[in-house]
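Here is how the chains run, residue by residue.
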Amino acid sequence: RPPAGLVEPLLTEKEALVEIKSLMAKLKKAEWYSGAVLAAKGDDILFTDVAGEANKSFHIPNTIDTKFNLGSMNKMFTSTAAARLVEAGKLSFDDPIGKYVDETWLPKSITDAITVRHLITHTSGLGSYFNDIYMKSSRDLFRKLDDYKPLIKDEKPAFTPGARYQYSNTGMFLLGVVIEKAAGEDYFEHIRKVIYRPAGMINSDCYEMDRPVENLAIGYSPDPANPFKWQNNLYKHVLKGGPAGGGFSTVKDLHRFALALLAGKYVSKPMLDTMWTDFKGSRYGYGFTVAQGPMGKTVGHSGGFPGINSQLDIHVDAGIIVAAMSNFDSGASALASKVGAILARIKK
């Protein structure tokens, strides 16, 4: 971390890219990073690099087309799909979710007090379905959205819905249930149709982990007590991701997603402005993190879990997009932030 008050010199674009390459070389030498990174200005890809192994058992290296776990970054896809349904008149942010979520999920007394807006902004008061029942259950039990009912049916809001922000996996999962009902089709197929295909995201989906998926990275956590020094996350992770997280993508597909958002392929500019406005002073809007930095407004999302760290930063005002994905516990968010900080020093 630089000393307080230090002003780092401005750079040409070429000098900035040399600095990013130098940073990556150091990270590779230290074996600190395993994954892929991409930086772009609009359509123009400025830089890509990869490090580490997608599968340590067979020493298969990561590539720029390796599919990494998104963690919570699926929330951006779910929220964008919901906003699209709002613009199509099939959904309203002010609808009580009891209109779409029946009592096999939660009692009507709860669902009538929670709106779609509460779900998408993490202000519902609901918690996380990664509870004791999930931890003690076979992952094979959870594939379709309906399979998650036993994990959610006993939840109660921790506060009056709308009172404050509290990050909620359950809330975003139920937004997927709302989408399924409002769209009249399977959630996963709907996301393929309205999010992945329009952007050309050919390497993104909620893949089932007991099927052979090409170019898919296994997640790893350090384990000094283990003779192999690492443990994989295969028995901790969901078998299939969903509305709140756990799907897979590539840095190139995340770049395509960002371009589609900025080009208005999903929703209108006024809707993006709504989604990308801090809702409760917690640097979170409608399914996207929202922050102000050296390049102006930055929106996106992070994802984390044992063996997973991914980050998408869309520097809206500067037109700069940075995507970093890792099959280690950490690294991607810090790397995306550092790459963004270097690019912010380019002379205007």
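Look up a bit, the structure's there.
Residues numbered from 1 in each chain as written. Predicted model: local features only at pLDDT ≥ 70, side-chain atom pairs only at ≥ 80, totals over all residues. Heavy atoms only, no water.

(A) Layout of the overall build of the protein chain. The secondary structure content of the protein chain amounts to eleven helices and twelve strands. For the protein chain, the C-alpha atoms occupy an extent of roughly 60 × 50 × 40 Å along the three principal directions. Counting all 348 residues of the protein chain, 54% fall into the buried class. Considering only residue pairs separated by 6 or more positions, the protein chain has 67% of its internal contacts joining residues 24 or more positions apart. Of the roughly 15,300 Å² of accessible surface on the protein chain, a fraction of 54% belongs to carbon and sulfur atoms. Taken together, the 42 basic and 37 acidic charged side chains of the protein chain have centroids lying 3 Å from each other. (Helix = DSSP H or I, 4+ residues; strand = E, 2+ residues; numbered from the N terminus. Buried < 20%, exposed > 50% of the residue type's maximum accessible area, 1.4 Å probe, protein only. Contact = heavy atoms within 4.5 Å. Areas by Shrake-Rupley, 256 points an atom, 1.4 Å probe, with all protein chains shown as cover. Lys, Arg positive; Asp, Glu negative; His and termini not counted. Charge placed at Lys NZ, Arg CZ, Asp CG, Glu CD.)

(B) Representation of the pattern of salt bridges in the model. Tallying each qualifying case throughout the model produces 17 salt bridges. Between aspartate 94 and arginine 117 there is a salt bridge; the shortest N-O distance is 2.8 Å. In this pair, aspartate 94 is assigned in the loop between helix H2 (74-87) and helix H3 (108-111) and arginine 117 in helix H4 (residues 116-120), connecting sequence segments 23 residues apart. For aspartate 112, the salt bridge goes to lysine 108, with nearest N and O atoms at 3.4 Å. In the salt-bridge network here, residues are joined through shared partners; they are Glu189, Arg192, Arg197 and Asp205. (Salt bridge = Lys/Arg side-chain N within 4 Å of Asp/Glu carboxyl O.)

(C) Just unusual backbone geometry, in detail. Backbone geometry places histidine 59, a non-glycine residue, at a positive phi of 50°. In this fold, histidine 59 is placed in the loop between strand S3 (53-55) and strand S4 (60-61). In this structure histidine 59 comes out as exposed when scored by relative accessible area, which is 56%. Look at asparagine 215: it is not a glycine, yet its phi comes out positive at around 55°. Relative to the helices and strands, asparagine 215 resides in the loop between helix H8 (187-199) and strand S6 (220-222).

(D) Structural context of the sheet that holds strand S12 (residues 320-326). With respect to topology, six strands assemble into an open sheet ordered S2-S1-S12-S11-S10-S9, the strand pairing being antiparallel. The open sheet has two edge strands, strand S2 (44-51) and strand S9 (289-293), and neither has a second partner. Direction aside, the axes of adjacent strands within the sheet are offset by 15° on average. Summarising the sheet, strand S10 (residues 296-305) and strand S11 (residues 308-315) pair through eight bridges and their orientation is antiparallel. Bridging across to S11, glycine 304 finds its partner in asparagine 309. (Pairing = 2+ DSSP bridges. Axes fitted to C-alpha atoms, helices over the stretch in contact; angles between N-to-C directions.)

(E) Local environment of the nonpolar core. Within the largest apolar cluster, 76 residues are counted, with the highest numbers of intra-cluster contacts made by Phe77, Leu174, Ile195 and Phe257. No other element matches helix H7 (residues 169-183), which puts nine residues into this core. Core analysis: the next-biggest nonpolar cluster, separate from the first, contains 25 residues, Ala39, Ala332, Ala336 and Ile346 among them. (Core = buried A, V, L, I, M, F, W, Y, C linked by side-chain atoms within 4.5 Å.)

(F) Representation of the environment of threonine 111 within the structure. You can see threonine 111 is positioned in helix H3. For threonine 111, a relative accessible area of 1% corresponds to the buried category. Once the C-alpha coordinates of threonine 111 and tyrosine 100 are considered, the two residues, eleven residues apart in sequence, prove to be 9.0 Å apart. When neighbours within four sequence positions are excluded, threonine 111 is seen to be in contact with Pro96, Ile97, Gly98, Val101 and Leu106.

(G) Just the side chain of serine 124, in detail. Within the element layout of this structure, serine 124 appears in the loop between H4 and helix H5 (132-135). Accessibility expressed as a relative area gives 1% for serine 124, which makes it buried. A polar atom in the side chain of serine 124 sits 3.1 Å from the backbone nitrogen of leucine 126. (Polar contact = N/O pair within 3.5 Å; in protein donor to acceptor, adjacent residues only side chain to side chain.)

(H) Focus on the packing of aromatic side chains. One pass over the structure, following the stated rule, counts 14 aromatic pairs. Between phenylalanine 77 and phenylalanine 257, the aromatic rings sit 4.8 Å apart at their centres with planes inclined by 80°, giving edge-to-face as the arrangement. Here phenylalanine 257 lies in helix H9 (residues 251-262) and phenylalanine 77 lies in helix H2, a separation of 180 residues in the sequence. Seen from their ring centres, phenylalanine 279 and tyrosine 286 are 5.7 Å apart, and the 90° between their planes marks the pair as edge-to-face. Joined through ring pairs, the aromatic side chains of Phe77, Tyr196, Phe257 and Tyr266 make up one cluster. The side chain of lysine 56 reaches across the aromatic face of tyrosine 220, ending 5.7 Å from its centre. The positively charged end of lysine 240 is found above the aromatic ring belonging to phenylalanine 188, 4.0 Å away from the centroid. (Phe/Tyr/Trp six-rings, centres within 6.5 Å; stacked < 30°, edge-to-face > 60°. Lys NZ or Arg CZ within 6 Å of the ring centre and 35° of its normal.)

(I) Representation of the packing of H2 against H7 within the structure. The interhelical angle for the contact between H2 and H7, taken along N-to-C directions, is 40°, at an axis separation of 10 Å. With respect to each other, H2 and H7 are oriented oblique. The two elements H2 and H7 cross, and the hand of that crossing is left-handed. Taken together, the residues of H7 that come into contact with H2 (itself represented by Lys75, Thr78, Ser79, Ala81, Ala82 and Leu85) are Asn169, Met172, Leu175, Gly176, Ile179, Ala182 and Ala183. Its residues assigned to classes, the contact of H2 with H7 shows eight nonpolar, four polar and one charged. (Parallel < 35°, antiparallel > 145°, perpendicular 65-115°, else oblique. Left-handed = near helix turned anticlockwise from the far one by under 90°. Nonpolar A, V, L, I, M, F, W, Y, C, P; charged D, E, K, R; others polar.)

(J) Region of interest: the environment of cysteine 206. Along the chain, cysteine 206 falls in the loop between H8 and S6. Between the C-alpha atoms of cysteine 206 and serine 337, which are 131 residues apart in sequence, the distance is 26 Å. Once residues lying within four places of it in the same chain are set aside, the contact partners of cysteine 206 are Asn74, Phe188, Lys240, Gly241, Gly242 and Gly247.

Remember that the coordinates give geometry; whether it matters functionally is a separate question.
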